[in-house]
Amino acid sequence: MDDLEKAIIISFDESGASDSSLKSQAVSFCQQIKETPVIISVCIEKLWFCKLVQVQFWCLQTLHEVITLKYGLLGLEEKHLLKKSVFSMCCFEIIEDGNAVKILEGPAFIKNKLAQVLVSLIYFEYPLIWSSVFVDFLPHLSKGAIVIDMFCRVLNALDDELISLDYVRTPEDIGVAGRVKDAMRQQCVGQIVRAWYDIVSMYRNSDSELCSSVLDSMSRYISWIDIRLIVNDAFIPLLFELILVDGGSEQLQGAAAGCVLAVVSKRMDPQSKLTILQSLQISRVFELVTGDSDSDLVSKVAALITGYAVEVLECYKRVSAGDAKGVSLELLNEVLPSVFYIMQNCEMDTAFSTVQFLSSYVATMKSFSPLREKQLQHVGQILEVIRVQIHYDPVYRDNLDVLDRIGREEEDRMVEFRKDLFVLLRSVGRVAPEVTQIFIRNSIGRAVASSPERNVEEVEAAVSLLYALGESLSDEVMRSGSGPLSELVPMLLSTRFSCHSNRLVALVYLETITRYMKFVHENTQYITMFLAAFLDERGIHHPNIHVSQKASYLFMRVVKLLKAKLVPFIETILQSLQDIVARFTSMDYTEHDVSGSEDGSHIFEVLVTFNFDTPKFAWQLA
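The shown structure was predicted, so the numbers you read here are calculated from the model rather than taken from an experiment. Here the residue numbering is sequential within each chain, running from 1 through the sequence in written order. pLDDT decides what is reported in this predicted model: residues at 70 or higher carry local features, side-chain atom pairs at 80 or more are listed and counted, and totals for whole chains, interfaces and linings draw on all residues regardless. As a convention, hydrogens and water are excluded, and side-chain values are obtained from all of the structure's heavy atoms.

Q: Describe the overall build of the protein chain, and please don't skip the residues or the numbers.
A: Note on conventions: DSSP H or I runs of at least 4 residues are helices, E runs of at least 2 residues are strands, and numbering of each starts at the N terminus. Looking only at helices and strands, one finds 31 helices and zero strands in the protein chain. For a compact globule of 622 residues, the expected C-alpha radius of gyration is about 25 Å, and the protein chain comes in at 35 Å, more than 25% above that figure. In terms of overall dimensions, the protein chain has C-alpha extents of about 110 × 70 × 45 Å along its principal axes. Burial analysis of the protein chain (622 residues in total) assigns 50% to the buried set. A separation of at least 24 residues holds for 70% of the contacts in the protein chain among residues at least 6 apart in sequence. Put simply, the protein chain shows about 29,200 Å² of open surface, and 52% of that area lies on carbon and sulfur atoms. Throughout, radius of gyration means the C-alpha value; the globule benchmark is 2.2 Å times the number of residues raised to the power 0.38. Each residue is assigned to one of three classes by its accessible area relative to the maximum for its type, calculated with a 1.4 Å probe on protein chains only: buried under 20%, partly exposed between the two thresholds, exposed over 50%. Pairs of residues are marked as contacts when any of their non-hydrogen atoms sit within 4.5 Å. Exposure was quantified through the Shrake-Rupley algorithm and a 1.4 Å probe, taking into account, for residues, occlusion by the shown protein chains and nothing else.

Q: So, the UniProt feature "domain: Exportin-1/Importin-beta-like" (unreviewed entry) in the protein chain: which residues are in play, and what are the values?
A: UniProt positions are given in the numbering used here, feature names are shortened, and annotations may be inferred rather than shown by experiment. Residues given the UniProt feature "domain: Exportin-1/Importin-beta-like" (unreviewed entry) here are residues 107-259. When the span residues 107-259 is considered, its composition is 71% helix and 0% strand, and the gap between its end C-alpha atoms is 27 Å.

Q: Account for the environment of E411, naming residues and giving values.
A: Among the structural elements, E411 can be located in helix α20 (residues 405-431). The spatial distance from the C-alpha of E411 to the C-alpha of I230 is 48 Å, given a sequence separation of 181 residues. Beyond its immediate sequence surroundings of up to four residues, E411 is in contact with Y392, L400, L403, R503 and L504.

Q: Which residues make up the environment of I276, and what values go with them?
A: Locating I276 in the fold gives a position in helix α14 (residues 270-280). Under the relative-accessibility criterion, I276 is labelled buried at 11%. C-alpha of I276 to C-alpha of V231: the two residues are 45 residues apart in sequence and 7.8 Å apart in space. Setting aside chain neighbours within four positions, we find I276 in contact with I227, V231, V263 and M268.

Q: Describe in detail the packing of helix α10 (residues 189-203) against helix α12 (residues 235-244), supporting the description with residues and values.
A: All axes are obtained by fitting lines to C-alpha atoms, using only the stretch in contact for helices, and the reported angles, taken between N-to-C directions, cover 0 to 180 degrees. At their nearest, the axes of α10 and α12 sit 11 Å apart, and the two run at 35 degrees to each other. Crossing of α10 against α12: the hand is left-handed. On α12, the residues touching V193, W196, Y197, V200 and S201 of α10 are F235, L238 and L242. Class assignment for the residues of the contact of α10 with α12 results in seven nonpolar, one polar and no charged. Two helices cross in a left-handed way if the nearer one is turned anticlockwise from the farther one by less than a right angle. They cross in a right-handed way if the turn is clockwise. Only Asp, Glu, Lys and Arg are considered charged, only Ala, Val, Leu, Ile, Met, Phe, Trp, Tyr, Cys and Pro nonpolar, and every remaining residue, Gly among them, polar.

Q: So, helix α27 (residues 527-535): which residues are in play, and what are the values?
A: All of the buried residues in α27 are I527, F530, L531, A533, F534 and L535. Contacts made by the buried residues of α27 are with α24 (485-494), α25 (503-515), α26 (517-522), α28 (545-566) and α29 (570-585).

Q: Residue-level account of the side chain of T364, with values.
A: Inspection of the secondary structure assignment puts T364 in helix α17 (residues 354-365). Beyond its immediate chain neighbours, meaning those up to four positions away, T364 contacts L313, Y316 and K317.

The following block contains the structure:
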């Protein structure tokens with residue numbers, strides 16, 4: 001081990017065996033070597049003959065820095081040495097010296113770094129100077145899995161470092177990427193695709209991991225190569241064979257599904273896209289998502305199905321011909337049941353927005369008047385998705401009830417998470433108001449009968465649906481209570497939930513009946529039940545201080561709106577509030593830290609409201 005190798009080992013040491021002073025000296029020494037004119041030949045020699053992975057990585061990193069920062073300053077001989085050596089290592093070419101190191105037999109991070117170095121050369125040289133780099137690489141694939149794997153790493157690095165739009169690129173990088181893609185399309189993409197097909201066909205039964213790597217690389221390139229190279233009578237059947245094989249490698253199945261997803265996601269005119277989508281016969285994969293919801297395969301197939309649904313819906317919105325509209329609607333009706341199943345049962349791909357997709361679909365429903373039977377079924381399924389999604393996790397039930405730090409964080413998270421779902425609910429309510437109200441009524445009924453293990457979350461979610469719907473109802477609809485609403489509000493007022501002692505349930509219950517108080521204003525036969533909900537243990541007398549405080553505030557708002565209607569009930573209200581008034585009037589304010597809603601101000605404001613209008617009540621209060 002020479003001085004450079006020793007210095008590199010020390011500089012990479014994180015065990016603490018080397019003191020900071022020695023490590024600092026080692027780093028300085030390595031930096032001095034980097035600045036020498038012979039650094040390229042030093043690194044190449046180390047890569048050929050040194051087996052220490054720390055030294056290999058340092059040399060590859062140094063070469064990458066030299067290429068990216070100083071390539072224009074290098075002489076022709078240095079450039080030739082770089083290209084010849086790096087390319088030979090990537091292609092597993094063995095030099096005559098028997099002590100030579102085989103880089104491709106090293107760890108993955110070394111091979112990835114080597115691929116990055118080759119890509120940095122491609123950046124500056126291809127296609128104007130080094131036009132044959134890809135064509136020259138392809139014959140070496142016959143050496144087997146070790147070179148095929150390296151070729152995949154090079155293609156992945158090319159995508160990561162230059163082509164992919166998932167990263168911020170400079171205008172110069174974008175220009176180079178366009179130049180590279182144009183040259184590859186013209187020169188070698190067809191040969192690369194043929195190599196992909198041959199490799200997967202040859203190794204599918206013997207090396208599923210290698211085939212998965214090939215398909216993962218391929219999926220990155222489908223977005224910008226000629227789609228006819230993939231969508232043909234050879235490749236598409238092969239991909240579906242791989243996806244649907246019984247007892248096969250889930251990794252390979254998932255990789256094949258990723259390629260099909262890349263096909264359906266490729267940008268093109270809507271009519272061409274629709275033709276491809278129709279030809280895929282995607283229903284063949286629907287059953288695969290009903291397996292273990294935590295498996296990687298189910299996640300990959302779920303991403304394929306939801307991605308397909310997004311593209312079909314987009315085609316429906318963009319095509320104009322009647323036949324094309326009909327075809328896209330047929331495909332949409334075929335895939336939506338699986339999409340709804342995935343939304344409720346599977347891990348969703350982060351690239352797929354449930355709310356965005358469903359909102360877009362609901363918007364298309366406006367063109368159907370009245371809604372067809374299929375669309376009405378879909379409305380029910382969308383509402384069920386919303387109901388399931390807005391559920392609190394029972395794991396946090398106690399935290400939410402006492403509202404500790406964890407409970408506050410979870411409540412804040414869910415409030416934010418629910419916003420878009422409630423916007424979607426209101427959109428559905430406008431498109432299909434009666435179906436929506438019936439669904440909520442049935443949800444509340446089912447929640448009341450649910451098991452104790454889920455009762456709190458079921459009730460809270462069902463009542464929250466009714467609360468959110470109320471925001472989109474006009475004053476006229478609210479007052480008249482037309483349709484199922486005339487049953488919903490009385491049902492809510494008369495229902496005694498076994499979990500009403502829970503803070504979340506009690507709060508959403510009070511908020512909801514307050515939102516619908518205009519209905520009570522016009523339907524005075526429900527005032528007795530309405531008042532009881534505020535005045536008994538469900539409201540102001542609730543054992544949870546947060547609930548009783550909120551009930552006092554909401555009751556004050558109710559009284560201000562309904563005060564004329566409440567005159568016949570003044571005696572009842574006064575009797576119910578006597579203990580509360582007595583508690584606040586006897587409180588020693590010098591010893592208690594009371595403020596805001598805790599000081600009884602809302603209750604006293606209720607009394608003042610009645611006092612202003614009713615002399616008899618003023619006398620009783622005195």
